[in-house]
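Here's the letter readout for the chains.
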Amino acid sequence: MSKDFCNLYGPWALITGASSGIGEAFAHAIAARGVNVILLARREEELYRVRADVVAKHGVECETLVVDLAVPSFIDQVEVFLGDRELGLVVSNAGYNPIGSFEDIDREAVLRILDVNDRAPLLLAQSFLPGLAKRGRGGFLIVGSIEGFNGTPWSAVYSASKAFVQSLGEALWGEYRKRGVDVLVLSPGATDTPILRAREVEVPGIMTPAAVAEYGLKHLGNGPCAIPGLSNRMILGVLKFMPRKLVSKAMGKALRAVVERSKI
Ligand SMILES: NC(=O)c1ccc[n+]([C@@H]2O[C@H](COP(=O)([O-])OP(=O)(O)OC[C@H]3O[C@@H](n4cnc5c(N)ncnc54)[C@H](OP(=O)(O)O)[C@@H]3O)[C@@H](O)[C@H]2O)c1
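Residues numbered from 1 in each chain as written. Predicted model: local features only at pLDDT ≥ 70, side-chain atom pairs only at ≥ 80, totals over all residues. Heavy atoms only, no water.

## Points about the site of the ligand
Applicable threshold: Here a residue is considered near a molecule or strand provided that any single heavy atom belonging to it is located within 4 Å of it. What qualifies as a polar contact is a pair of N or O atoms within 3.5 Å, subject to a donor-acceptor requirement within protein and to the restriction that residues adjacent in sequence count only when both atoms come from side chains. Put simply, DSSP marks the helices as runs of H or I at least four residues long and the strands as runs of E at least two long, and each gets a number from the N terminus on. Charged residues are taken to be Asp, Glu, Lys and Arg, nonpolar residues to be Ala, Val, Leu, Ile, Met, Phe, Trp, Tyr, Cys and Pro, and polar residues to be all remaining types, Gly included.
The immediate surroundings of the ligand are formed by 31 residues, with Arg-42, Asp-68, Asn-93, Tyr-158 and Thr-193 found nearest. At 2.7 Å, a backbone N or O of Asn-93 approaches an oxygen atom of the ligand. Interatomic distance of 2.5 Å between a side-chain N/O atom of Tyr-158 and an oxygen atom of the ligand. Every element with two or more residues in the shell around the ligand is listed here: helix H2 (21–32), helix H5 (107–135), helix H6 (156–176) and helix H7 (194–199). Its residues assigned to classes, the shell around the ligand shows 15 nonpolar, 11 polar and five charged.

## What to know about the side chain of Arg-33
Within the secondary structure, Arg-33 is located in the loop between H2 and strand E2 (36–41). At 3.0 Å, the side chain of Arg-33 and the backbone oxygen of Ala-29 are in polar contact. A distance of 2.9 Å separates the side chain of Arg-33 from the side chain of Glu-214, its partner in a polar contact.

## As for the pairing of E2
The condition that has to hold: Note on classification: 1.4 Å probe, protein chains only; a residue is buried when its accessible area is under 20% of the maximum for its type, exposed when over 50%, partly exposed between these limits. A pair of strands is considered paired only if DSSP assigns at least 2 bridges between the two. Orient the strands so they point away from the viewer, and a crossover whose first-strand-to-second-strand path over the helix runs clockwise is right-handed.
Most of E2 sits inside the fold, with six of its six residues counted as buried. What you see with E2 is no split at all: Asn-36, Ile-38 and Leu-40 on one side and Val-37, Leu-39 and Ala-41 on the other are buried throughout. As defined by bridge partners, strand E1 (residues 12–16) adjoins E2 across five bridges and the pair is classed as parallel. Each bridged residue has a counterpart across the sheet, and for Ala-13 the counterpart in E2 is Val-37. Chirality of the crossover, the property in question, places the unit of E1, H2 and E2 among those that are right-handed. Sheet topology note: the E2/strand E3 (residues 62–66) ladder contains five bridges and is parallel. Across the sheet, the residue bridging to Ile-38 is Glu-63, located in E3. Considered for its hand, the β-α-β crossover made up of E2, helix H3 (residues 44–58) and E3 is right-handed.

The following block contains the structure:
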């Protein structure tokens, strides 16, 4: 348990997309530091599983909140649920990531990407950042992606949605840094979560969700952006100096291979 962490980011943390993958890892990493956690996602059974595990391992208070972030009024549900609980940390992690050619992703899926990956973190920021700033301490972490740094063929809408939160989070870091609130965009590369496992593709340099979440929490006070994994940082470093045309071709080649080998 970390007293400093609890003092800055406790007593309660809200984690979206906590029913699996990186969000589940955040739930454990935050609870291990002694902060109570609220787990938000759609699948109630999975949330119960994570809650039982978190309580057994870390002994903090843990609550579950079944919410669909694609529903416009989700923020009202969250605010009502929280009531007068003191929130010190928000981890906006939930994401939706269908891959394929632009024409293969139907309108419903395109809108869902924008709702879950962009509108949800935006409304969470609008709802909770003023309160954290008033308190004079707290954290707001948004999970982006290395895809947010460059438009990525075969993942056009998803990479654009991650560019939105990359820009939003970095700007908010600048606005809130002197008001005691640590805003961070955590931009992972390939991470071993159910979505990647279901696609049954081999990705070199893949990270564990636990390593990604730990990296995010360690860099929370060191925004505006953190990229877990040396190889991810090196790839982005190289891409920065390449002509955009070549970057698009290289990213497209990598994603195309994933789409072709993918089972879903
Ligand atoms: N895995 C990677 O390689 C990778 C790389 C870069 C960035 N990321 C980002 O990391 C974040 C977590 O992804 P992950 O890899 O851990 O995937 P994951 O295991 O599939 O987790 C996604 C989480 O988001 C929740 N979610 C999805 N749609 C939702 C909705 N409409 N309402 C509420 N919750 C919703 C899911 O819960 P329910 O289904 O129960 O609702 C689940 O808990 C995402 O933002 C993703 O873009 C992942």
